[in-house]
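For reference, the chains in residue letters:
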Amino acid sequence: MDLPPRLRAVCDLDVSEVREYAGRHEYDGKPQDLSPAGVRAGLARLAAARDGGERLADAHDEAHLAAAEEHKRVTFAELELHRRNPIFHLSELDLAGYDRDYAPPAERDAARAAHLAAWPRVADAAVESLDQVSAPVAQALLGGIRGLAAGLGEGPGISAATVATALDAHARLVAHVERAAADGDPDPALGGPGLTTLMGSAEALPVDLGRLAEQADAERDRLHALLADGCARVDGTRPALDVARELVQDHPDGAGVIEAARQWTEQALRFTREHDLVPYHDGECLVGLAPESRRWAMAMMSWAAPGEPEGPSWYHITPPEDSWPQQEQDEWLEVFSRTTLPGITVHEVAPGHFSHGRAMRHLTSQVRRTLHSSAFIEGWAHYGEELCVEEGFGGDDPRIPIGIWLEALVRVTRLACAIGVHTAGMTIEEATRRFETDTHLAGPAALSEARRATFDPTYGRYTWGKLEILRLRERARKDWGAGFTRQRFHKAMLDLGSPPLGLLGTAVDRG
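What you see is a predicted model, and the numbers here were worked out from it, not measured in a lab.

Participant: Account for the overall build of the protein chain, with residues named and values stated.
Facilitator: Scanning the protein chain from N- to C-terminus turns up 25 helices and three strands. For 511 residues, the compact-globule estimate of 2.2 N^0.38 gives 24 Å, and the C-alpha radius of gyration of the protein chain, at 22 Å, lies within 12% of that figure. Along the first, second and third principal axes, the C-alpha set of the protein chain runs to 60 × 55 × 50 Å. Residues classed as buried in the protein chain amount to 57% of the 511 residues present. Looking at the protein chain alone, contacts between residues at least 24 apart form 77% of all its contacts between residues at least 6 apart. Total accessible area on the protein chain is roughly 20,400 Å²; 51% of this is exposed by carbon and sulfur atoms. When the 54 basic and 79 acidic side-chain charges of the protein chain are each reduced to a single mean position, those positions are 4 Å apart.

Participant: Which residues make up the environment of Val 287, and what values do they have?
Facilitator: Following the sequence through the fold, Val 287 ends up in strand S1 (residues 285-289). A residue is classified by how much of its surface remains accessible, and Val 287, at 9% relative accessible area, is buried. Put simply, Val 287 and Asp 330 are 43 residues apart on the chain and 22 Å apart in space, counted from C-alpha to C-alpha. Ignoring anything within four residues of it in the chain, the contact list for Val 287 reads Ile 258, Ala 261, Arg 262, Thr 265, Trp 314, Tyr 315 and Ile 317.

Participant: How would you summarise the pattern of salt bridges if you had to cite specific residues and measurements?
Facilitator: All chains considered together, the criterion is met by 54 salt bridges. Asp 217 is paired through a salt bridge with Arg 434; the nearest N and O atoms lie 2.9 Å apart. Of this pair, Asp 217 sits in helix H12 (residues 209-232) while Arg 434 sits in helix H21 (residues 428-438), and the two are 217 residues apart along the sequence. Taking the relative accessible area as the measure of exposure, Asp 217 reaches 29% and is therefore partly exposed. Measuring nitrogen to oxygen at the nearest pair gives 2.7 Å for the salt bridge that ties Arg 471 to Glu 468.

Participant: How would you explain the nonpolar core if you had to name every residue and give the values?
Facilitator: One finds Leu 227, Tyr 315, Ile 317, Phe 489 and Met 493 to be the most contacted residues of the largest nonpolar core, which totals 82 residues. Sort the elements by how many residues they give to this core and helix H20 (residues 399-423) lands first, with eleven residues. Apart from residues no more than four positions distant in its own chain, Phe 489 is found in contact with Tyr 383, Ile 469, Leu 472, Arg 473, Ala 476, Trp 480 and Phe 484.

Participant: So what's going on with the environment of Ala 213? Residues and values would help.
Facilitator: In this structure, Ala 213 sits in helix H12. With 207 residues separating them in the primary sequence, Ala 213 and Gly 420 have C-alpha atoms 8.6 Å apart.

Participant: Before we move on, can you summarise the packing of helix H1 (residues 5-12) against helix H3 (residues 36-52) with the specific residues and values?
Facilitator: Running from N to C, H1 and H3 point in directions that differ by 160°, and their axes come no closer than 8 Å. As judged from the angle between their axes, H1 and H3 are roughly antiparallel. For H1 against H3, the interelement crossing comes out left-handed. Residues Pro 5, Arg 6, Ala 9, Val 10 and Asp 12 of H1 form the contact with H3, whose participating residues are Arg 45, Leu 46, Ala 49 and Arg 50. Class assignment of the residues belonging to the contact of H1 with H3 gives a composition of five nonpolar, no polar and four charged.

Participant: How would you explain the environment of Leu 116 if you had to name every residue and give the values?
Facilitator: Counting through the fold element by element, Leu 116 comes out in helix H7 (residues 105-117). Those residues in contact with Leu 116 that lie beyond four places of it in its chain are Leu 95, Leu 152, Ile 158, Thr 162, Val 163 and Ala 166.

Participant: A description of the side chain of Glu 219 should follow, citing residues and the corresponding values.
Facilitator: Position of Glu 219 among the secondary structure elements: in helix H12. Its relative accessible area of 6% is what places Glu 219 among the buried residues. Among the polar contacts made by the side chain of Glu 219, one reaches the side chain of Lys 466 at a distance of 2.6 Å. Aside from chain neighbours lying at most four places away, what touches Glu 219 is Val 412, Thr 463, Lys 466 and Leu 467.

Participant: Describe the pairing of strand S2 (residues 299-302), and please don't skip the residues or the numbers.
Facilitator: Covered by surrounding structure in S2 are Ala 299 and Met 301 together with Met 300 and Ser 302, the residues of both alternating faces. Of the pairings in the sheet, the one linking S2 to strand S3 (residues 313-317) comprises four bridges and is antiparallel in character. By the bridge assignment for S3, Met 301 is matched with Tyr 315.

Participant: Pulling in residues and values, what's your account of the state of the cysteines?
Facilitator: Inspection of the entire model under this criterion finds zero disulfides. Unpaired in terms of disulfides, Cys 285 finds its nearest cysteine sulfur in Cys 388, a separation of 14 Å. Taking relative accessible area as the criterion, Cys 285 reaches 14% and is therefore assigned buried. Residue classification places Cys 388 among the buried residues on the basis of a relative accessible area of 0%.

Participant: Explain the packing of aromatic side chains residue by residue, including any values.
Facilitator: Inspection of every chain in the model, using the stated rule, returns seven aromatic pairs. Centroid distance Phe 271 to Phe 393: 5.1 Å. Interplanar angle 70°. Geometry classified as edge-to-face. Of this pair, Phe 271 sits in helix H14 (residues 257-274) while Phe 393 sits in the loop between helix H19 (374-391) and H20, placing them 122 residues apart in sequence. Judged by relative accessible area, which is 10%, Phe 271 ranks as buried.

So, how was this worked out
- Residues numbered from 1 in each chain as written.
- Predicted model: local features only at pLDDT ≥ 70, side-chain atom pairs only at ≥ 80, totals over all residues.
- Heavy atoms only, no water.
- Helix = DSSP H or I, 4+ residues; strand = E, 2+ residues; numbered from the N terminus.
- Rg over C-alpha atoms; globule rule 2.2 N^0.38 Å.
- Buried < 20%, exposed > 50% of the residue type's maximum accessible area, 1.4 Å probe, protein only.
- Contact = heavy atoms within 4.5 Å.
- Areas by Shrake-Rupley, 256 points an atom, 1.4 Å probe, with all protein chains shown as cover.
- Lys, Arg positive; Asp, Glu negative; His and termini not counted.
- Charge placed at Lys NZ, Arg CZ, Asp CG, Glu CD.
- Salt bridge = Lys/Arg side-chain N within 4 Å of Asp/Glu carboxyl O.
- Core = buried A, V, L, I, M, F, W, Y, C linked by side-chain atoms within 4.5 Å.
- Axes fitted to C-alpha atoms, helices over the stretch in contact; angles between N-to-C directions.
- Parallel < 35°, antiparallel > 145°, perpendicular 65-115°, else oblique.
- Left-handed = near helix turned anticlockwise from the far one by under 90°.
- Nonpolar A, V, L, I, M, F, W, Y, C, P; charged D, E, K, R; others polar.
- Polar contact = N/O pair within 3.5 Å; in protein donor to acceptor, adjacent residues only side chain to side chain.
- Pairing = 2+ DSSP bridges.
- Disulfide = S-S within 2.5 Å.
- Phe/Tyr/Trp six-rings, centres within 6.5 Å; stacked < 30°, edge-to-face > 60°.

What follows is the structure, given as structure tokens:
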């Protein structure tokens, strides 16, 4: 189904996102032009469509679309993030989306071949645009950019000459980012006004970073108290984080990770269905090894997108490689511990991302099916973890809530460090120490989380989204009185798709 001009202009400035997560496969094989001229042309189309287009009949959808238009203007015109953040260009080079079985193999192979043939244009556009990359951002993303070419070779419709040309272009981009890593500005900060505008435009919500930092500290303290209570049930003689760090060392081996994830998926789906936590319980969720192109992520949901034919969603798991040193394998496997894997599965599957994806497929509004607030997406899944604790998921096993509080502490520390790095002069070393102090992470894992703040300045969205949903739930309790049920509240929210946080109130107003 074709899109209205205003919605199309927004999608044209967010190609990789809407291709994969909204299922707009008319963009297959057609990466976005992020050259300076390409961005200017996209912004001109956005402005023309906005100024000349009709307002949508539904007031909520109009506000959702207007927020997306403003966010694209802020991203590319005001903050010019395509000049300072390689993540935008990395996303346009990524071929991993074609590994999903959303269409026949021949169709996806043709799209992959066309996309790879466009690599020289995309890589050269990146080199032309990326003239403001700070050294910390370049250092954090360099491994991912190098990894784009891993396993690249001939295939259906892809000749050796195409591969060689693509690799040459990729090498030019890698060299450019390497220079930024060595010589770029040592300060990655967007600044307070920049971060405020970026977050507020994405979520149609006024942002007070000082207040948000206070909320992050308060949430950290609440979570530490919950963790202490949980860990006291295991061993009340030692500090909670010491107990937790020992618990995460109890995990399946590499060969058993996927089966463990499959068992927890069955339990999460059954629990969500029995407690009727989401409006729809249809669809198929399969569990399996992540495609090679996606093995940078330990666990992720690849849902059947709203614009795609019906098909399975995949909960992808990445065990460690057998060739890794044993210590690295053990550290990787701690993510899949018997303490943390249940909560991760709830987040990725049910009532988290998989359940959310199923609700998205039941929508008819093109705006709601296509435009997704990342703070709501992650906030909903993170809220789902705490919801499951409230509903008794895991019975009397204290490890399950402990794992959920551990993951929540990582998320709230992201929010604190994003604000600190981008507005308060917090260094990567200081952010690393905060992760080591406030969470169970240490060493390379804490450093990786700290570095992410440089190129993903809104990665506090998990906690921010959860807190806004919990706040809205209290309002619904008050406004609906005896008519409040969690089922009614969840359906009212998910009927909005993935709304900007500032528009969540529609769920209570209309629900």
